[in-house]
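The residues making up each chain are set out below.
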Amino acid sequence: MDVKRTPWNPPPGTGGRRHVLIAPSVLAADFAHLARQLEAVERAGADAIHVDVMDGRFVPNLSLGPAVVAAIRRSTALPLDLHLMVEDPDPFLAPFAEAGADAITVHWEACRHLERTISAIHELGCLAGVAVNPATPVAFLSEILPEIDWLLVMSVNPGFGGQPFWPRARHKVEQAVSLRQDRDRPRVAVDGGVDEGTAPGLVRAGADVLVAGTAIFGAPDPGEAVVRLRRIVTEALGPT
Ligand code: DX5
Ligand code: ZN
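In this report, we go over the structure that sits alongside the text. Along each chain, residue indices are assigned from 1 in the same order as the chain's sequence is written. A letter from A marks each chain and a number from 1 marks each ligand, given out in the order of writing. Two thresholds apply to this predicted model, a pLDDT of at least 70 for residue-level local features and 80 or more for giving and counting side-chain atom pairs, whereas whole-chain, interface and lining totals are computed over all residues. Side-chain calculation: all heavy atoms of the structure are included, whereas hydrogens and water are not.

**Regarding the site of ligand 1**
For step 1, the next point in the chain: Lining the immediate surroundings of ligand 1 are 19 residues, of which Ser25, Asp52, Gly159, Asp191 and Thr214 lie closest.
For step 2, the next point in the chain: At a separation of 2.8 Å, an oxygen atom of ligand 1 approaches a polar backbone atom of Gly213.
For step 3, the next point in the chain: Where accessible areas are quoted, they stem from the Shrake-Rupley method and a 1.4 Å probe; at the residue level, only the protein chains shown are allowed to cover. Calculation on ligand 1 without its partners gives an accessible area of 380 Å², and the protein chains cover 99% of this total.
For step 4, the next point in the chain: No other element matches the three residues that strand S2 (residues 49-54) contributes to the shell around ligand 1.
For step 5, the next point in the chain: Lys, Arg, Asp and Glu make up the charged group, whereas Ala, Val, Leu, Ile, Met, Phe, Trp, Tyr, Cys and Pro make up the nonpolar group; the residues left over, Gly among them, are polar. Broken down by class, the residue content of the shell around ligand 1 amounts to seven nonpolar, 10 polar and two charged. Nearness is defined per residue: one heavy atom within 4 Å of the molecule or strand is enough. Polar contact is defined as a pair of N or O atoms within 3.5 Å, subject to the rule that within protein one atom must be able to donate a hydrogen and the other to accept it, and that residues adjacent in sequence are counted only when both atoms are side-chain atoms. Per the convention used, a helix needs a DSSP run of H or I reaching at least four residues, while a strand needs a run of E reaching at least two, with both numbered from the N terminus.

**Quick notes on the coordination of the zinc ion (ligand 2)**
For step 1, the next point in the chain: At the metal site, the zinc ion (ligand 2) is ligated by His50 (NE2), Asp52 (OD), His83 (ND1) and Asp191 (OD), and these contacts range over 2.0 to 2.2 Å.
For step 2, the next point in the chain: Geometry at the zinc ion (ligand 2) is octahedral, judged from the six donor atoms that bind it and their angles of 72 to 172° at the metal.
For step 3, the next point in the chain: Coordination shells were defined by N, O and S atoms within 2.8 Å of each metal, extended to 3.2 Å for Na, K and Ca; water is absent from the atom set, which can make sites look incomplete. Along the chain, the residues donating to the zinc ion (ligand 2) are arranged with the sequence spacing H-x1-D-x30-H-x107-D. Assigned by exposure class, His50 and Asp52 land together as buried. Think of it this way: with four donors and all angles in the 85 to 135 degree range, the site is tetrahedral; with four or six donors, opposite ones beyond 155 degrees and the rest between 65 and 115, it is square planar or octahedral; otherwise it is irregular. Type-normalised accessible area, obtained with a 1.4 Å probe on protein chains alone, sets the label of each residue: buried when under 20%, exposed when over 50%, and partly exposed for intermediate values.

**Topic: helix H3 (residues 90-99)**
For step 1, the next point in the chain: Of the residues making up H3, those classed as buried are Leu93, Phe96, Ala97 and Ala99. Taken down its axis, H3 places every buried residue within 150° of arc, on the same side. In H3, the exposed residues that point more than 90 degrees away from the buried face are Pro91 and Glu98.
For step 2, the next point in the chain: The inward-facing, buried residues of H3 abut S2, helix H2 (66-75), strand S3 (80-85), strand S4 (103-107) and helix H4 (114-123).
For step 3, the next point in the chain: Two residues or fewer past H3, Gly100 is found with a positive phi of approximately 120°. The arc refers to the directions leading from the helix axis to the C-beta atoms. We call two residues contacting when some pair of their heavy atoms lies within 4.5 Å.

**With respect to the sheet that holds strand S5 (residues 127-132)**
For step 1, the next point in the chain: Note on pairing: two strands pair once DSSP finds at least 2 bridges between them. Taken together, the eight strands give an open sheet; going across it, the order is S1-S8-S7-S6-S5-S4-S3-S2, and neighbouring strands pair in parallel fashion. The open sheet has two edge strands, strand S1 (21-24) and S2, and neither has a second partner. When the angles between neighbouring strand axes are averaged without regard to direction, this sheet yields 25°.
For step 2, the next point in the chain: All axes are obtained by fitting lines to C-alpha atoms, using only the stretch in contact for helices, and the reported angles, taken between N-to-C directions, cover 0 to 180 degrees. With respect to the sheet, H3 is in contact with S2, S3 and S4, its orientation differing from that of S4 by roughly 155°.

Following this line, the structure appears as structure tokens:
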């Protein structure tokens, strides 16, 4: 089945050059003014919106469900990248796809039959990602790698925004990049503690997607924060 959107295709005009996606994480947004905040990051050139779903079981926190995802869908044209921090996520895949998810990432640690879950996500017309906690080796994904679109390296223990970056994540990004057979798939994403200080090292390690919550929505002007992060990413990519 065709995917609804392709959040990680380079935007027009990049001419085949490496394009690192910036995905602001709404967990750090002001939910009372979400539409306005989404508009600001979209206008500033963000590539996708990262939406954290927490169940209070897989992680010790609760966040949001399909109704909020549907509201986000109505408020932005950007692709929605859902990060399910949910134990046994299968029953929630269809409701989130119907709510407007373009990509759904599940956790390696939370799925008993990961391949079945990945297939179910694809059958719903979404791109499929797998996330690994800091303690989980990326090598555990070697068998499933050709089937997934997105490999999410957690650079914090999931559950909360605003935590300090776990430096070994850079090494895991390098490992993920070298593990894949295909140059562009799966895209390697990093989530947790990504900011102007940690982004350059991650870009140099080969990350394709930077998820940033506090660094963007915690800034006084989220749009300006996207522009600044983009500038730093471009500098880190160097001359092409
Ligand atoms: C953490 C979430 C992250 C979070 C990142 O469990 O998965 O997406 O929003 O927030 P920052 O960028 O503040 O670490
Ligand atoms: Zn996340």
